[in-house]
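Architecture and fold: a report
Here are the chains, one letter per residue:
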Amino acid sequence: MTLVPVTTAPTEADLEARIHAVLLLAFPWLPPGSLKHQLKFTFKFGHKIVEVDGAAASQAQARADILVFHGSTPLAVLELKREGLPLTQDDTDQGLSYARMVDPRPPLVVITNGVDLTLIETHAAKEWQPGTPSEVALGKLFSAAGMLAASDLQRAVEVLMGPSSRVWMSAVRAATDTTLADMTGRWDEFEKPFVEGFLIPRSATAEVLDNVRARKRITIVEGAPLAGKSNVLREVALSQFSVDDMAVLFVEADSHGGGIISMISAILGDALGWHVSANDTRNWLASLSKQDGPALVLAIDGLGTARDEVRRDIEELSGDRYGSNLRLVIGVDDTVTTRLTMNETGRKATKIGRRSTVVTLDVLAASEFGQAVNLLSDHRIGIMQGGQSAIEYRIPWVLRSLGADITTSPQYANEALAAALPPLLGVELLNRARERFDENSVIRHSYRALAEAVMVDTADNSRLPATVLQSMETFVIRRKTLKDHIDTRELKELISRGFAKESVNEDQDMVIVARLPELLASELAFHLAHDLKSRIANPPSAAAWFIAACARLPLGDIIGAQALFDFVTIGGSIPMNFITEMLSVKPRAEKLRPGMKFAMNVPGSGRIEFTVREDGQVMVETGAVQEVFAAEEFADGEMYADMDSWMILAHLAGYPFVAQTPDGTVASRADPMLLTEIGTAPMALRRPVLQEDMSGVLMHHIEGHGSIVCHNAGIVEPITYSIHTFLRRDHAGVEDWIDEAIERKSFPLLARIEVALLALVEGGNPQVASWASEMLVSKIRPALQEFPGLH
């Protein structure tokens, strides 16, 4: 039988045995048992405490660093090399550097491989050769060790930060820890980008780390403002805190002036007390980058603009002077990426472009949203069923804003309570944007001008098809329209800061894309409110204009509802015949007919055109590719039209309001009437969502009664959430309303009430849950059973 050793490297027990043997060899004249040692010890490095793990170093570097005590006093730093390896000046330099940093300072450094042995005086850096080794001679060394020149301390730092030591990894991580701690605050401290205990794992992080480990010199993390780029870089840094193959230095670029190299110098000085010039920093980075050991990764956050000095430093740090063990991860707004990676003509890649790989950050994917839900749950915050289909919850800054509201509430102090976020936000989304950007902020002022231009541009019927399609899903303004509404310098500032983006669409129209759609939607609501005030004297005409204006806008239903609230805020009064006129424009389903043509724009695929042929089949054209499908494959051969008016009213109906007669007399509350009427819509009253994992929901179809969202999907329609809000708020007095709803014999209305009541049953308030359960059992479900096909 052959025995195969399973341990190829020395074990910790082997290391302990060697240490004891070496100490007897080095100090035979000291009393037995007076010496102790530590495989782990710490010292202060600038403002941070750094730990040295001798056992780990022994495995990685064939050299162990051990602190030896005589009694309770540090006596020596022991540099114990693997047997058979020669002693070098690097060993001496490292041992002296450790000894000079430890407090109290040990007077000796022992360098040995178990056979050869040298004792070095810490203060003089020379071999200790007393006439007769004794405790008296040792006492003189203890006195001398306390008197060390500042230059010797500086040299000690330089050695420990060099490639022959692993202390630089601990020091870099300590500096990163300081930076991240300074950037982390409470939920409501919006000036700090990070929240303690809330870091959503992103798939982009794994992609970045794959690039880093593949030795890519530059990885660019790009995305819209507030997309979460800083948190990806934070996750990169935190996830690598304990690995052996890299250390991440987090650089907050927008907190320092100058280039990247001067920023790193400032960090080393501020966090570690190692004050070095830019040239010293270059030399340090170059020496680390060419070693065979761990990589240094610079995570550079906050490059809002591609400054020339920043561009030069990125080119330099990724150039030939530096080795592949220096790697850069850079977080930038996607408007900056092109300026970093392409030349001014846009036809040739720059040096940075040729050396970089781009990772794009979008809204949260389904798996990332699931992680976010788990993290919120750790903070006693839940999201009602249906939230998985709400695009607004895929925006990280929205989640933080809502978390701030909850955690600062006095009720949150009661740890027995948990909060539930609504399944969708509606106008609340725009209120979040207004809170995030102060009324007097420069960005709000500039976006107000963009809103004016959007209203003019979307009303222009001469726009080309690609521009019209693009403007229905994204806030874009043609450059030729915008020039009449915003100063050129102001627009350049918006673009340079990442709040707007230049683009060219399929029709070769030069357009500007607004990068904060929630904020622009908020400003559009203000603009519509003021326009409506000048038109409201003729309610039917005002309603027709208002519906058409909202229909041309992305988020038009939310913008329209908020505009009505803003209209009242600025002193307007909404006549009942204005609401009646909006109600009269009902959603309708149209069968696909031969000769029909329509188009849509799909991210990643571009424009898709549809033509219904004479044989009833639908030809689909994507670029030069043509395919033919049966009409039934397209929503059972139907299209929905005129959804906009009822979508706006669906949001409005969630709030109590009273109706006025033309002479100004208050008639009665109007919201229950709106809920009843809009709730009868025989199709899902839901804004189209382009993200695949949110676009489809389960539906029930009852012939002759229409289609409705399945209760298992939760609340995904604004009208259903408005019904839920109404029932929760007024449940003690709404049974008459429920009875009236049953009398309407509307399958869609009853199905929506069922979904709302189910959410109340699960909502946590025992009294409301009990009432909702009773309404389901005694009223709604018996009424639903009367419809054929539900038995």
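Preceding this section is the structure that the text describes.
The following refers to the structure shown. If you're wondering where the values come from, they're calculated on a predicted model, not measured in any experiment. Positions within a chain are numbered from 1, following the residues in the order the chain's sequence is written. Where totals are concerned, whole chains, interfaces and linings use all residues; where local detail is concerned, this predicted model gives features only for residues with pLDDT of at least 70, and gives and counts side-chain atom pairs only at 80 or more. To obtain the side-chain values, all non-hydrogen atoms of the structure were used and water was disregarded.

1. Details of the overall build of the protein
Put simply, the rule is: A helix here means a DSSP run of H or I that spans at least four residues, while a strand means a run of E at least two residues long, and both kinds are numbered starting from the N terminus. Buried means the residue's accessible area, taken with a 1.4 Å probe over protein chains only, is under 20% of the maximum for its type, while exposed means over 50%, and partly exposed covers the values in between. In this description, contact between two residues means that some pair of their heavy atoms is separated by no more than 4.5 Å. For every accessible area listed, the method is Shrake-Rupley and the probe measures 1.4 Å; residues are considered covered only by the protein chains on display.
Along the backbone of the protein there are 31 helices and 29 strands. Buried positions account for 52% of the 791 residues belonging to the protein. A fraction of 70% describes how many contacts in the protein between residues 6 or more apart in sequence connect residues 24 or more apart. Split by element, the accessible area of the protein, about 35000 Å² in all, is 52% carbon and sulfur.

2. What to know about the nonpolar core
Counted only if it meets this: Remark: nonpolar core denotes a set of buried residues (Ala, Val, Leu, Ile, Met, Phe, Trp, Tyr, Cys) joined through side-chain atoms within 4.5 Å.
Core analysis: the largest hydrophobic core is formed by 128 residues, its most contacted members being Tyr447, Leu528, Phe546, Phe578, Leu727 and Leu757. Here this core gets 11 residues from one element, more than from any other, and that element is helix α30 (residues 747–761). Phenylalanine 546 has contacts with Leu528, Leu532, Gly560, Ala563, Leu564, Phe578, Met582 and Ile648, leaving out every residue within four places of it along the chain.

3. Some details on the pairing of strand β6 (residues 108–112)
Condition: Strand pairing is defined by DSSP finding a minimum of two bridges between the two strands. Note on handedness: a clockwise path from strand one over the helix to strand two, with the strands aimed away from the viewer, defines a right-handed crossover.
Taking burial as the measure, the 5 residues of β6 include 5 buried ones, the bulk of the element. Of the two faces of β6, the one lined by Leu108, Val110 and Thr112 and the one lined by Val109 and Ile111 are each fully buried. Summarising the sheet, strand β5 (residues 73–81) and β6 pair through 5 bridges and their orientation is parallel. Each residue of the ladder has a partner; that of leucine 78, found in β6, is valine 110. A crossover connection joins β5 to the parallel β6 through helix α3 (residues 89–101); in handedness this β-α-β unit is right-handed. Two elements, β6 and strand β7 (residues 117–121), share 5 bridges in a ladder whose sense is antiparallel. Across the sheet, valine 109 pairs through a bridge with isoleucine 120, a residue of β7. Turn length for the β6-β7 hairpin, with the two strands adjacent in sequence and antiparallel, is 4 residues, and the turn residue glycine 114 shows positive phi of about 100°.

4. Details of the pattern of salt bridges
Selection criterion: Each salt bridge in this description consists of a side-chain nitrogen of Lys or Arg and a carboxyl oxygen of Asp or Glu lying within 4 Å of one another.
Counted according to the given criterion, the structure contains 27 salt bridges. The residue aspartate 405 makes a salt bridge to arginine 432 at a minimum N-O spacing of 2.5 Å. Residue aspartate 405 is located in helix α15 (residues 396–407), and its partner arginine 432 is located in helix α16 (residues 428–436); the two are separated by 27 residues in the primary sequence. The buried category is assigned to arginine 432, whose relative accessible area is 4%.

5. Notes on the environment of isoleucine 753
Secondary-structure assignment places isoleucine 753 in helix α30. Residue isoleucine 753 is classed as buried on the basis of its relative accessible area of 0%. Between the alpha carbons of isoleucine 753 and alanine 741 there is a distance of 8.9 Å; along the sequence they are 12 residues apart. Other than its neighbours up to four places away in sequence, isoleucine 753 contacts Ile723, Leu727, Trp737, Ala741 and Ile780.

6. Some words on the packing of α16 against helix α23 (residues 556–569)
What counts here: The axes are straight lines fitted to the C-alpha atoms, using for helices just the contacting stretch, and the angles between their N-to-C directions are given from 0 to 180°. For classification purposes, an angle smaller than 35 degrees is called roughly parallel, one larger than 145 roughly antiparallel, one from 65 to 115 roughly perpendicular, and anything else oblique. All amino acids are sorted into three groups, where Ala, Val, Leu, Ile, Met, Phe, Trp, Tyr, Cys and Pro are nonpolar, Asp, Glu, Lys and Arg are charged, and the leftover types, Gly among them, are polar.
Look at α16 against α23: their axes get within 9 Å of each other, and the N-to-C directions meet at 70°. On the basis of their axis angle, the class for α16 and α23 is roughly perpendicular. Mapping the contact onto sequence places Leu430, Asn431 and Arg434 in α16 and Ile558, Ile559, Gln562 and Asp566 in α23. Looking at the contact of α16 with α23, its residues break down into 3 nonpolar, 2 polar and 2 charged.

7. A closer look at the sheet that holds strand β10 (residues 218–223)
Overall, parallel pairing links the 5 strands, which are arranged β11-β12-β13-β10-β14 in an open sheet. Here the strands that pair on one side only, and so sit at the sheet edges, are β11 (246–252) and β14 (356–360). Each neighbouring strand pair of the sheet contributes to a mean axis angle of 20°, computed without reference to strand direction. Relative to strand β13 (residues 326–333), strand β12 (residues 295–303) is paired through 6 bridges, and the arrangement is parallel. Residue pairing across strands places leucine 296 opposite leucine 326, the latter belonging to β13. Relative to the sheet, helix α12 (residues 334–341) contacts β10, β12, β13 and β14, its axis offset from that of β13 by approximately 130°.

8. Some remarks on the packing of helix α21 (residues 517–535) against helix α22 (residues 539–551)
Between two packed helices, both the angle of their axes relative to each other and the distance between the axes serve to describe the pair. Applied cut-off: Handedness of a helix crossing follows the sense of rotation of the near helix relative to the far helix, less than a right angle counterclockwise being left-handed and clockwise being right-handed.
It is the contact of α21 with α22, at a shortest axis distance of 10 Å, that shows an interaxial angle of 160°. One element, α21, and the other, α22, form an angle in the roughly antiparallel class. The element α21 and its partner α22 pack so that their crossing is right-handed. Note on element contacts: α22 touches α21 through Ala542, Trp545, Phe546, Ala549 and Cys550, opposite Leu528, Asp531, Leu532 and Arg535.

9. A look at the side chain of serine 522
Relative to the assigned elements, serine 522 resides in helix α21. In this view, serine 522 contacts Leu430 and Arg434; residues no more than four positions away in its chain are not counted.

10. Some details on the side chain of glutamate 235
As a reminder of what qualifies: His is not counted here, nor are the chain ends, while Lys and Arg score as positive and Asp and Glu score as negative.
Residue position: glutamate 235 is located in helix α8 (residues 229–239). Buried within the structure, glutamate 235 lacks any salt-bridge partner; arginine 202 is the closest side chain of opposite charge, at an N-O distance of 6.7 Å. Non-local contacts of glutamate 235, meaning those with residues more than four positions away in its chain, are made with Leu199, Ile200, Pro201, Arg202 and Thr205.

11. Section: helix α28 (residues 718–730)
Let me state the cut-off plainly: One fewer than the residue count of a helix, multiplied by 1.5 Å, yields its expected span.
When the terminal C-alpha atoms of α28 are compared, their 18 Å separation across 13 residues agrees well with the 18 Å that a helix rising 1.5 Å per residue should span. The buried fraction of α28 is high, at 10 of 13 residues. Those residues of α28 that fall on the buried side of the exposure criterion are Pro718, Ile719, Thr720, Tyr721, Ser722, Ile723, His724, Thr725, Phe726 and Leu727.

12. Some words on helix α17 (residues 442–458)
Since the α-helix turns once every 3.6 residues, residues separated by three or four places project in the same direction. The end-to-end C-alpha distance of α17 is 24 Å, a good match for the 24 Å that 17 residues give at a rise of 1.5 Å each. A large share of α17 lies buried, amounting to 12 of its 17 residues.

13. Considerations on a negative patch on the surface
The line we're drawing: Excluding any residue in a salt bridge, patches collect residues exceeding 30% relative accessible area, merging like charges within 9 Å and nonpolar Val, Leu, Ile, Met, Phe, Trp and Tyr side chains within 5 Å. The atom standing in for a charge is NZ when the residue is Lys, CZ when it is Arg, CG when it is Asp and CD when it is Glu.
A cluster of acidic residues, Glu735, Asp736, Glu740, Glu743 and Glu774, forms a negative patch at the surface. Broken down by element, the residue count for the negative patch peaks at 4 residues, all from helix α29 (residues 735–743). Position of glutamate 735 among the secondary structure elements: in helix α29. Overall, the relative accessible area of 32% leaves glutamate 735 in the partly exposed class.

14. Quick look at unusual backbone geometry
For aspartate 642, which is not glycine, the phi torsion reads 55° and is therefore positive. Residue placement: aspartate 642 occurs in the loop between β25 (638–641) and α25 (644–652). Residues other than glycine seldom take positive phi values, yet lysine 745 does so here, at roughly 50°. Residue placement: lysine 745 occurs in the loop between α29 and α30.

15. Comments concerning the packing of aromatic side chains
As a reminder of what qualifies: In summary, the pairing rule links any two rings of Phe, Tyr or Trp, Trp by its six-membered ring, whose centres are within 6.5 Å, and it sorts them by plane angle into stacked for under 30 degrees, edge-to-face for over 60 and tilted for everything else. We call a charge positioned over a ring when the NZ of a Lys or the CZ of an Arg lies within 6 Å of the ring centre and within 35 degrees of the ring normal.
On inspection of all chains with the given rule, the structure shows 7 aromatic pairs. Ring geometry for tryptophan 545 and phenylalanine 546: centres 6.3 Å apart, planes at 50°, overall tilted. Using a relative accessible area of 16% as the deciding quantity, one classes tryptophan 545 as buried. With a centroid separation of 5.2 Å and an interplanar angle of 70°, the aromatic rings of phenylalanine 726 and tryptophan 737 are classed as edge-to-face. Taken together, the positions of phenylalanine 726 in helix α28 and tryptophan 737 in helix α29 put the pair 11 residues apart, joining distant regions of the chain. Here the two residues phenylalanine 726 and tryptophan 737 agree in accessibility, since each one is buried. Over the ring of tyrosine 412 we find arginine 380; its NZ or CZ atom is 4.1 Å from the centre of that ring. One Lys or Arg, arginine 434, reaches over the ring of phenylalanine 526 and ends 3.8 Å from the middle of that ring.

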